[in-house]
Amino acid sequence: CLAAATAILLAAPKAAVLGMVFLVAALLLGLPIALNATLALVRWIAPQVTSAVPHIAVMELRAGRARAVAIAATGAVAVFGSVAIEAAHGDLLGGLENAAHDMNAFTDEWVSPAGSYNLLKTTSFKPTQQAQLARLPGVRAVRLYRGGLLDIGERRVWVIAPPRKATPLLPASQIVEGNVARATAEVRGGGWMVVSQAIAEEHHLRIGDRFTLPTPIPTTFNVAAIATNIGWAPGAIVMNAEDYARAWGSSEASAYNVLLDPGVSQQQGRREIEHVLDPPTHPPTRTGLAVETAEQHAAQQRALSRQGLERLTQIATLILIAAVLAMAAAMGNMVWQRRPRLAKLKLEGFPRAELWRTILLESLLLLGVGCLSGAVFGLYGQQLLDRALANVINFPVVYSFGALVALWSLAVVTASAVAIVAIPGYLAAGVPPAVALQD
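An account of the accompanying structure is given in this report. On a predicted model such as this, the values are computed, not experimentally measured, just so you know. (Residues numbered from 1 in each chain as written. Predicted model: local features only at pLDDT ≥ 70, side-chain atom pairs only at ≥ 80, totals over all residues. Heavy atoms only, no water.)

### Describing the side chain of Thr228
Working step 1: Mapped onto the secondary structure, Thr228 falls in the loop between β7 (219–227) and β8 (236–238).
Working step 2: The residues touching Thr228, leaving out its near neighbours within four places in the chain, are Gln174, Val176, Ser196, Asn394, Phe395 and Pro396. (Helix = DSSP H or I, 4+ residues; strand = E, 2+ residues; numbered from the N terminus. Contact = heavy atoms within 4.5 Å.)

Right under this line is the structure:
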């Protein structure tokens, strides 16, 4: 099963769901091996400890091996799911934050129609104030940015068209195929575009191929590079603003990109621009345009990404909570059913404190084996989910190794479940020795 999951990771990331099934199967099939190895290790260490606790714990777990494996499996699967989801969530969020940075790297200030609905800068307007803004002190240049949504088949594609002179013109971290420098030169020269991988695969496009976009004036472009969807699930296309105007048959802009002189802060530039957009006249004249710094716009995009992905964190947290409660309930029930056996050990002279420590050690061994195995396989699952996000859904992803997420999940589940089991364990350890004499 592990070999099959590895083959899917390397050769067929689109079958990531099947790969996760193989990983879970490998995890469950490997648990008995891990548990046996752990018990053998404890048994080897036990003679070095002046206490009967390790001996009794190993003996009790070996006696109830099937139930022990089942309890360990509960924690293993839960930690596996939580680690895989939360770690992949972090990688996806990192990729979206990179996309937000790239989409604001070519300007200092955005001036566009006001409204939270216009986060993608797709609302057009007549650029009648470009010259007035360009004359402001501290302003180096004012360029026209264009963008919109375009229906290509069943996809509502986000078209991004920075000014031809924008630097950087292309979102470098989002390019998955092609040379960034060469693609930048081609898109800057005109007649070329960058398309999302999902769009390219759907229309069988490769770098250098020609594709006619169904714009108001159908226009043919060459493919300069293949990119992620830049955070827009249906896909994205990047071209220069002049090509956009030609394909849409309109000189309207979606935003002004205002570049400031060196030494001029974005906040200072924003105040100057706001004075032009909403001058203190009577009656007041308003342009309907709003200004925000590149940092503010990027922060809005990041906040929207975090808000949209918050549900994944909630799911991962609920999985851990359910695992803790399920394992605590199962182990508490197992301990309570062993009261006659504990009473027999009391008849043989074992005190309550020693029996309680035995119960805690058993719980710690079960939880440790199960949760540690789940955490290790969860890190593998993270890689599968990352590949699926990048290759199937085409989202930007920052590949990482979520060791901290795994350690956190392992510690939380193990510590919480042991703490909960400690209470019924202590009560069960107080069973009267006479119970062992009952039929």
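We are not done yet, so read on.
### Description of the nonpolar core
Working step 1: By size, the foremost hydrophobic cluster in this structure holds 43 residues, and its most contacted members are Leu23, Leu35, Leu366 and Val413.
Working step 2: Within the residue set of this core, elements represented by two or more residues are α1 (2–11), α2 (16–45), α3 (53–63), α4 (65–102), α10 (294–337), α12 (352–391) and α13 (403–429).
Working step 3: In this structure, Met103, Tyr145, Ala166 and Val194 belong to the second largest nonpolar core, which totals 22 residues. (Core = buried A, V, L, I, M, F, W, Y, C linked by side-chain atoms within 4.5 Å. Buried < 20%, exposed > 50% of the residue type's maximum accessible area, 1.4 Å probe, protein only.)

### Some words on α3
Working step 1: Taken residue by residue, α3 has Val53, Pro54, Ile56, Ala57, Val58, Glu60 and Leu61 as its buried positions.
Working step 2: Taken together, the buried residues of α3 touch α2, α4, α11 (339–347) and α12.

### Details of the pairing of strand β9 (residues 255–260)
Working step 1: The buried fraction of β9 amounts to six of the six residues, a majority that puts the element mostly inside the structure.
Working step 2: Alternating residues of β9 divide into Ala255, Asn257 and Leu259 and Tyr256, Val258 and Leu260, and every residue in both groups is buried.
Working step 3: The pairing of strand β2 (residues 139–152) with β9 spans six bridges and is antiparallel. By the bridge assignment for β9, Val142 is matched with Val258. (Pairing = 2+ DSSP bridges.)

### Focus: the packing of α10 against α13
Working step 1: Interaxial distance between α10 and α13 falls to 9 Å at its minimum, and their mutual angle equals 30 degrees. Considering their axes alone, α10 and α13 lie roughly parallel with respect to each other. Crossing hand, α10 versus α13: right-handed. Residues Leu320, Val324, Met327, Ala328, Met331, Gly332, Val335 and Trp336 of α10 lie in contact with α13, whose contacting residues are Ser409, Val413, Ser416, Ala417, Ile420, Val421, Pro424, Gly425, Leu427 and Ala428.
Working step 2: The residue makeup of the contact of α10 with α13, split by class, is 14 nonpolar, four polar and no charged. (Axes fitted to C-alpha atoms, helices over the stretch in contact; angles between N-to-C directions. Parallel < 35°, antiparallel > 145°, perpendicular 65-115°, else oblique. Left-handed = near helix turned anticlockwise from the far one by under 90°. Nonpolar A, V, L, I, M, F, W, Y, C, P; charged D, E, K, R; others polar.)

### Some words on unusual backbone geometry
Working step 1: For the bond from Thr167 to Pro168, the omega torsion is -5 degrees, close enough to zero to count as cis.
Working step 2: For Pro168, the location among the structural elements is in the loop between β3 (155–161) and β4 (175–177).
Working step 3: One non-glycine residue, Asn394, lies in the positive phi region at around 70 degrees.
Working step 4: The residue Asn394 is located in the loop between α12 and α13 in this model.
Working step 5: Its relative accessible area of 1% is what places Asn394 among the buried residues.

### Some words on the environment of Gly332
Working step 1: Turning to its location among the elements, Gly332 is positioned in helix α10.
Working step 2: Gly332 gets classed as buried once you look at its relative accessible area, which sits at 11%.
Working step 3: The spatial distance from the C-alpha of Gly332 to the C-alpha of Leu320 is 18 Å, given a sequence separation of twelve residues.
Working step 4: Those residues in contact with Gly332, other than ones at most four positions away along the chain, are Val421 and Pro424.

### Points about the environment of Val17
Working step 1: With respect to the secondary-structure elements, Val17 resides in helix α2.
Working step 2: Taking the C-alpha atoms as reference, Val17 lies 38 Å from Glu186; in sequence the two are 169 residues apart.

### Here's the deal with the side chain of Asn240
Working step 1: Here Asn240 is to be found in the loop between β8 and α8 (241–248).
Working step 2: Within the local environment of Asn240, its side chain forms a polar contact with the backbone oxygen of Val187, the two atoms lying 2.8 Å apart.
Working step 3: In this structure, Asn240 is in contact with Ala161, Pro162, Arg164, Val187, Arg188 and Gly190, ignoring residues within four places of it in sequence. (Polar contact = N/O pair within 3.5 Å; in protein donor to acceptor, adjacent residues only side chain to side chain.)

### Overview of the packing of aromatic side chains
Working step 1: Applying the stated criterion to the full structure yields six aromatic pairs.
Working step 2: Ring centres of Trp110 and Tyr145 lie 5.0 Å apart, and the angle between their planes is 85 degrees; on these two criteria the pair is classed as edge-to-face. With Trp110 in strand β1 (residues 109–113) and Tyr145 in strand β2, this pair connects stretches of sequence that are 35 residues apart. As far as burial versus exposure is concerned, Trp110 and Tyr145 are alike and both buried. (Phe/Tyr/Trp six-rings, centres within 6.5 Å; stacked < 30°, edge-to-face > 60°.)

In short, shape yes, function no, at least from these values alone.
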